[in-house]
Amino acid sequence: MHEPRIVIIGGGHVGLTLALRLQRLLRAGEARVTVIDTQPHMTYQPFLPEAAAGSLEPRHVVVPLREALRKSEVLTAQVSSIDHSSRTLTTTLGDGTVEQLQYDFLVVVPGSISKALPIPGLAERGVGFKTIGEAIYLRNHVLSRLDIAASTTDESLRRRLLTFMFVGGGYAGIEAMAELESMARYAIRDYPNIEPQDMRWVLVEAMGRIMPEVSAPMGEYTKRRLEERGIEVKLNTQAKSMEDGHVVLSDGDEFDTDTIVWTAGVKPHPMLEASDLPRDEKGRLDCTAKLQVRGTTDVFAAGDCAAVPDLTKEDPDAKCAPSAQHAVRQAKVLADNLVARLRGKQLQSYRHKYAGSVAGLGLFQGAAEVYGVKLKGFPAVVAAPRVPPGEDADRLAQGAHRRRLDAGAAVQAPGGGAGRTARPALGVRQGREHARPAQQPRAGRVRPVTPGPAAGLRRGSSAPRAGPCRWSRAGWCRAGAPGPRS
C-alpha cells in the first residue's frame, strides 16, 4: 500500500509546530513526513534581542530539528523550485548535489527574509537581524567597537566606532537596539575612558511613527523612553547612502559609523518565485481560510509567506499579520486539516483574534498592549509570559534545551576579538557558520557555574548564573547584561 509523503518546506515556527503535531496525530504507516530547511534548527526569533545582549545563551534560542522530530525525516537542503503540476521539488543538498523529490502533500512554510533596498553601501555594510548567527555577531561586534574605542587616541575613529545605527522602527529594530544599548551601557562600566554620552545610538524610520504593531500612544511612549536614554529617533527619514560607513540621511544628517543594522521590513522567501503556485501582489502564496493554497487541494501554506484571510475582521480583504502568534496557531489548524484530508474528513477554517504585542526595551523596561490593555515599564515585562505565541513552539524554545545542558558550559560566540569580525552578507539566509551551537556532552545532573558577586537562579534549574537577576519574557530569572568579557 502506498504511504503518502507529506513534505514540509521550512523548519521555523510553523514547520516545527506542524511536524510535532503530525507526529502525534498520524497513525503508524498513515503518512511519511519530511521536513526540509537550510538550517538544522528552529530559531525562536522573539528571543534574538536577548541572545544578542547576552541575557540568554544562544542554545536556549534554538531547537535542533532532528532532536525534536525523531519520527520525521529531516533534510538540510535548499529548495530551488516547485513544480506542482508534476508534484516535484528541486533541492540542493549541503554537498551541492541536486535532487528531485516527489510529494503527495506539500506544505510551504519557508518564512521570510530581510527586504534589502538598493541603497549604496547597504549590501556591504548592513547586517540583518533574522538568525542566531547575526545576533551573536552583533553582540561581539558592539563589544569589540568598545574595545577599540577605549584604546585609540584618534577622535574621529572613536566617534565612528561609538556610533550605532539601526534602520527600521518595527519590533525587530526597537528590541534589538534597546537590548544592545542596555548591554553596552552596562559594559562601559569597565571602560573608565568611555561615558554613556560618548556613544551615539541612532534609529532611522521612514514612517511617521515607530512600532506600528501597537496603538499610536504606545508607540509614542516607546519613543519617549528611548529618547530619555539618549537614543536619537529619526522619523520620516530615509537612508540615502551608506558607502564605506559614511551615512547620508534624507534629513541632511551625515555621520560615520562602523555598525549598521538593517531591520526595515521583510519579504516572502524568494524560493516562491520559482514555483507555479498562485501568489498575491506582495509575493505571498494566496491561501484560503482553510490554509490551502488557492486552486489546490493538496498544497498548504501558513506563516510569513502566506496571505491567509483574517476572519475576525469585518474587512473581507484583511489578512493575518506575519507574526509568531499567528504562525504557530495556523500550524495546529494546518496539521489537523492535513490529517482530515488524509482521512476524507471536513477541513476547518483558521480564526484567531490577535491577542496583542509585547516589546522589550532593555533592562526592566518594556511596552505591551494585550487585549486592549496597555502596560508600560516593568509591568509590561512581567506580563510578557502571559502572551505566549503558541504552546508547542513556546515550550520547545524556552525549555527543551534545558535537559541537554552540560555542567554550565556556555556557547563561545565567535569573533569577539578587538579586530573587525567577519560581516555576514545581507539579503540571504545568514549565519550558516553558526547554524547550530556546539553539542555538549550529556550530564547526569547540572553542576553550577562559577557564581559572581551576585547570583540569580533560573526557575526550574539548579545552576546559578553570575550577574544581577533579571526577568525575561520567558518568565524565568536571568542574568542581567554582562560585562564585555562574559
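Structure shown above.
Residues numbered from 1 in each chain as written. Predicted model: local features only at pLDDT ≥ 70, side-chain atom pairs only at ≥ 80, totals over all residues. Heavy atoms only, no water.

(A) Summary view of the packing of aromatic side chains. Summed over all chains, the structure comprises 3 aromatic pairs. Each residue in the set Phe164, Phe166 and Trp201 is aromatic and connected to the rest through ring pairs, giving one cluster. Between the NZ or CZ atom of Arg189 and the centre of the ring of Tyr186, over which it lies, the distance is 3.8 Å. (Phe/Tyr/Trp six-rings, centres within 6.5 Å; stacked < 30°, edge-to-face > 60°. Lys NZ or Arg CZ within 6 Å of the ring centre and 35° of its normal.)

(B) Focus on the packing of helix H1 (residues 13-25) against helix H9 (residues 324-342). It is at 8 Å that the axes of H1 and H9 come closest, and there the two elements cross at 35 degrees. When the axes of H1 and H9 are compared, the crossing they make is right-handed. Along the contact surface, H1 presents His13, Val14, Thr17, Leu18, Arg21, Leu22 and Leu25, while H9 presents Ala324, Ala327, Val328, Ala331, Lys332, Leu334, Ala335, Asp336, Leu338 and Val339. (Axes fitted to C-alpha atoms, helices over the stretch in contact; angles between N-to-C directions. Helix = DSSP H or I, 4+ residues; strand = E, 2+ residues; numbered from the N terminus. Left-handed = near helix turned anticlockwise from the far one by under 90°. Contact = heavy atoms within 4.5 Å.)

(C) How the structure looks around the nonpolar core. Judged by nonpolar contacts, the single largest core of 104 residues is most densely connected at Ile8, Leu22, Ile82 and Trp201. Contact partners of Ile82, with chain neighbours within four places excluded, come to Ile9, Thr88, Leu89, Tyr103, Leu106, Val108, Met271, Ala274, Ser275, Asp276 and Leu277. One finds Ile119, Val202, Leu249 and Trp262 within the second-largest nonpolar core, a separate group that totals 13 residues. (Core = buried A, V, L, I, M, F, W, Y, C linked by side-chain atoms within 4.5 Å. Buried < 20%, exposed > 50% of the residue type's maximum accessible area, 1.4 Å probe, protein only.)

(D) Here's a closer look at the environment of Pro58. Within the secondary structure, Pro58 is located in the loop between helix H2 (48-53) and strand E4 (62-64). For the pair Pro58 and Leu48, spaced 10 residues apart in sequence, the C-alpha to C-alpha distance is 8.4 Å.

(E) How the structure looks around helix H5 (residues 132-151). Between its first and last C-alpha, H5 extends 29 Å over 20 residues, near the 28 Å set by a 1.5 Å rise per residue. Burial within H5 is extensive, with 17 of its 20 residues counted as buried. (Expected span 1.5 Å × (residues − 1).)

(F) Spatial organisation of the sheet that holds strand E15 (residues 246-249). With antiparallel pairing, the 3 strands of this open sheet are ordered in space as E14-E15-E16. The strands lining the two open edges of the sheet, one partner per strand, are strand E14 (239-241) and strand E16 (254-256). On average, adjacent strands in this sheet sit at an angle of 35 degrees to one another, irrespective of strand direction. Where E14 meets E15, 2 bridges bridge the pair, whose relative direction is antiparallel. Bridge assignment links Ser241 to a residue of E15, and that residue is Val248. (Pairing = 2+ DSSP bridges.)

(G) Quick peek at H1. For H1, spanning 13 residues, the distance from its first C-alpha to its last is 18 Å, which sits close to the expected 18 Å at 1.5 Å a residue. With 10 of 13 residues buried, H1 lies mostly within the body of the structure. Burial in H1 covers these residues: His13, Val14, Gly15, Leu16, Thr17, Leu18, Ala19, Leu20, Leu22 and Gln23.

(H) Region of the structure containing the side chain of Thr237. The topology assignment puts Thr237 in the loop between strand E13 (232-234) and E14. Leaving out residues up to four positions away in the same chain, Thr237 has contacts with Val204, Glu205, Ala206, Leu249, Ser250 and Asp251.

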